[in-house]
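# Structural description and commentary
Chain residues, written in single-letter form:
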Amino acid sequence: MSKTQRAIKFFPLHLPVSSIRSRLIAFLLFLLLPVLGATYTFISGENERYTDQTIDSYLGIGAEVFDFSRTEHINTLLTISSALTRDWGFRNAFGAADEATILDAAQNLLSRSFQAADMMLIADMDGKVITDTAAQGFTELRSSWLTLMERAAASSDGVAEAVLTVNDIPYQVTVIPLFLPAPVAWIFAGFPLDGRFVASIKQSSASDVSVLRFQGLDLSNLTTNSSSDMLTQTDRVTGQVIASTLSGDDARLTLEGLDPTQFGATQRIRLQEADYGTLVRPLAADPASGELILAVIQRSYRENQVNLAQLQDRLFSFSMLVVSISLLAVIWLARTFTRPILALAKRVKSIEQGDYATGTSTQALAGGDELTQLDRSVSAMARGLAEREKIRDLLGKVVSPEIAAELMDGQIELGGEERIVSVLFADIRGFTTLSEKQTPSQTLHMLNQCFEKICLAIESCGGVVDKFNGDAVMALFGAPVSHANDADRAMHALLNIEQALRELSENPDSPTAGLSIGLGIHTGLVVAGNMGSQNRMNYTVIGDSVNLASRLESLTRLYGVSNLVSEASVKALGKDADKYQWLELDVVRVKGKREPVRIFSLLGLSGSLTVEKHAQIELFRQMRQHYERAEWDTALAILHTLIVDGDHPLFSMYQERIVVLKQTIHSPWDAVFNLESK
């Protein structure tokens, strides 16, 4: 019988002590609970009332600081807008309808506002946008902008303000009229209620400030003097954190715990480290859409430690007693389970490092307490992880690691989702001729050499090898894992594949000597997911974009180039397209498609081509211009020069095509060449 069991027999209350949980319960009941209960009662009576009053006071100050700062910003916006209306150069530019000068004047004023304003918008009296420094894409003002303009028109001084949403960010916006001498336009100015604004409020008030948006509220009874009982929440209320001085997790907890309809009273919300007193200030409301934008001022209850300092001396003797008793009890309990826990920790560490064999217990603990159950669970976990890792390793060799992870971590079922993906097709040229001179095993070895280089080039750029089809490879950039620059990754992979196959082909001692590559890339919408049957499925992508990428790879033979890239892929690069040197080849309508496709060949990185190559590209570009205008003789003359300088299948193909078109095209044409075969 243990010491604890013998001690408990002296008490009228008998508790089972065969488990660690029971021992801890007995410890808390007979030692800690009386002390902690008395301490809690004493502290609660003396501290909570004072803390609540202090936090309410702090929140009131913080709310006043917020209202004052917002009012000051509004006055600053009005001052800035008024300064613009008095600017002689701006008034002359407006009278002359000089939009460039109007925009420059507005932007110059914003730059001199010391960040007091971030946007300025000028509209005529009918709401048509003349100038917008934020480039929001407005042509005419709508909804809340028109409402604000109408409020200003109805006011005695022609001035109004409101909180409006600009690019999903709440802006404090003011509007004043421009007189020449009659009112001819409205000038809107605004600053965002973003992180910078709430940070400035926190610096002045020492309170945390957040700006939140709620949607789905019933605001039909909302008035300027609304209280919490006049607003109701629907079942589909959603919230969003616009800006906050809190950490990301604390801002999320505030959003989840806040009652957005309670304006008048302090709310108490539990965040990560402590409870926070919370006060709500409404900023904007749209009864039609149920949208409500709020300012939330918060103060931590933990910050007020004055009362705890007053009680520190009284609690010292209690603390010493509790610590002494707890220390003795912990020492005894540690002797009971420290050793097996350390052994379990060592095994879990081995599992973390991937050593599942060491993590599996070879000798089970005796007994029926929680440690024994934990020991068995750890052993079962180690065996399960070992089996899962074995399956993952095997699956990762059959499909791409990204697809393996998608299959292992997700729910295996048929179906897919629409995604924008850059699809790359690579076809090894000359493989059939070489395979006729080799045994099947030699052919397979040669093919695997090429695939090894191609897959390495694709995966090093973040792509996923979808499938092998004979001597061709299909790769994806954007599924199942997407990146912001998938199109750029696809272009890098294309160049890497060409370089790798060039090295294999130029080695005369290698069986791969003489091989070449054909590549096609197109970016577009596909359906990505698991396809097949319930018993056998495959993660892949399908769609018209996949077919077009395959057609482009096939067309490389016709144009005598190693790669073809669609215009959609070039546009998907955005500014990154300038990193590469392109050659626009043609505008074609492939068989089975109604829309023509402009196709390019990727020649390399910018600056990597010789002067002679640049001159050749420029001549070809000129030839294309004459070709598109049906100026056949001029185009043929340029082609003749190109062929003399260095014959290329592309030049010969165009020469033969123009000879035919010259006989059949007698009027302006769309310069789209229809391909009759795939």
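So, a few notes on the structure that sits alongside this text. (Residues numbered from 1 in each chain as written. Predicted model: local features only at pLDDT ≥ 70, side-chain atom pairs only at ≥ 80, totals over all residues. Heavy atoms only, no water.)

What follows concerns helix H6 (residues 195–205). Regarding H6, the residues found buried are Phe197, Val198, Ile201 and Ser205. Buried residues of H6, viewed axially, fall in a sector of 90 degrees; they line one side. Just downstream of H6 lies Ala206, where phi reads positive at about 60 degrees. (Buried < 20%, exposed > 50% of the residue type's maximum accessible area, 1.4 Å probe, protein only. Helix = DSSP H or I, 4+ residues; strand = E, 2+ residues; numbered from the N terminus. Arc of directions from axis to C-beta.)

Taken in spatial order, the five strands of this open sheet run E2-E1-E5-E4-E3, and their pairing is antiparallel. Each edge of the open sheet carries a strand with a single partner, namely strand E2 (129–132) and strand E3 (160–166). Across the sheet, the mean angle separating the axes of adjacent strands is 25 degrees when strand polarity is ignored. As paired strands, E3 and strand E4 (residues 169–179) are joined by seven bridges and run antiparallel to one another. Bridge pairing in E4 links Ala160 to Val175. Along the sheet face, helix H3 (residues 88–95) touches strand E1 (119–124), E2, E4 and strand E5 (183–192) and points at about 80 degrees away from the line of E4. (Pairing = 2+ DSSP bridges. Axes fitted to C-alpha atoms, helices over the stretch in contact; angles between N-to-C directions. Contact = heavy atoms within 4.5 Å.)

Because side chains alternate across strand E8 (residues 267–270), one face comprises the buried residues Gln267 and Ile269, and the other comprises Arg268 and Arg270, none of which is buried. Where E8 folds back on strand E9 (residues 275–286), the antiparallel hairpin that results is connected by four residues.

Two side chains carrying opposite charge are able to pair once their charged atoms lie near each other. A full pass over the atoms with the stated rule returns 25 salt bridges. The residue Arg196 makes a salt bridge to Asp118 at a minimum N-O spacing of 3.1 Å. Here Asp118 lies in the loop between helix H4 (99–111) and E1 and Arg196 lies in helix H6, a separation of 78 residues in the sequence. Residue Arg213 is joined to Glu291 by a salt bridge in which the shortest nitrogen-to-oxygen separation is 3.5 Å. Of this pair, Arg213 sits in strand E6 (residues 208–218) while Glu291 is found in strand E10 (residues 291–300), placing the two residues 78 residues apart along the sequence. Of the residues examined, Arg213 reaches a relative accessible area of 3% and is grouped as buried. For Glu291, a relative accessible area of 19% gives the class buried. Several salt bridges share partner residues, and in doing so they unite Glu584, Asp586, Arg598, Arg624, Glu628 and Arg657 into one network. (Salt bridge = Lys/Arg side-chain N within 4 Å of Asp/Glu carboxyl O.)

Within this structure, the stated rule accounts for 12 aromatic pairs. For the ring pair Tyr627 and Trp632, a centre distance of 5.9 Å and an interplane angle of 75 degrees mean the geometry is edge-to-face. As far as burial versus exposure is concerned, Tyr627 and Trp632 are alike and both buried. Lying over the aromatic face of Tyr301, Arg268 brings its terminal NZ or CZ to 3.8 Å of the ring centre. (Phe/Tyr/Trp six-rings, centres within 6.5 Å; stacked < 30°, edge-to-face > 60°. Lys NZ or Arg CZ within 6 Å of the ring centre and 35° of its normal.)

With that settled, consider the nonpolar core. In this structure, Leu424, Ile428, Ile454, Ile497 and Trp582 are the most contacted members of the largest nonpolar core, which totals 39 residues. With nine residues, helix H14 (residues 486–506) is the single largest residue contributor to this core. With residues near it in sequence (within four places) discarded, Ile454 still touches Ile428, Val473, Ile497, Leu501 and Ile517. The next biggest cluster of nonpolar side chains, apart from the first, holds 38 residues, and it includes Phe94, Leu110, Ala185 and Ala243. (Core = buried A, V, L, I, M, F, W, Y, C linked by side-chain atoms within 4.5 Å.)

Moving on, we come to the environment of Thr266. With respect to the secondary-structure elements, Thr266 resides in the loop between helix H7 (248–257) and E8. Each C-alpha atom of the pair Thr266 and Gly60 lies 9.7 Å from the other, and the pair is 206 residues apart in sequence. Ignoring anything within four residues of it in the chain, the contact list for Thr266 reads Asp56, Leu59, Gly277, Thr278, Leu279 and Tyr301. In this structure the side chain of Thr266 is engaged in a polar contact, spanning 3.0 Å, whose partner is the side chain of Asp56. (Polar contact = N/O pair within 3.5 Å; in protein donor to acceptor, adjacent residues only side chain to side chain.)

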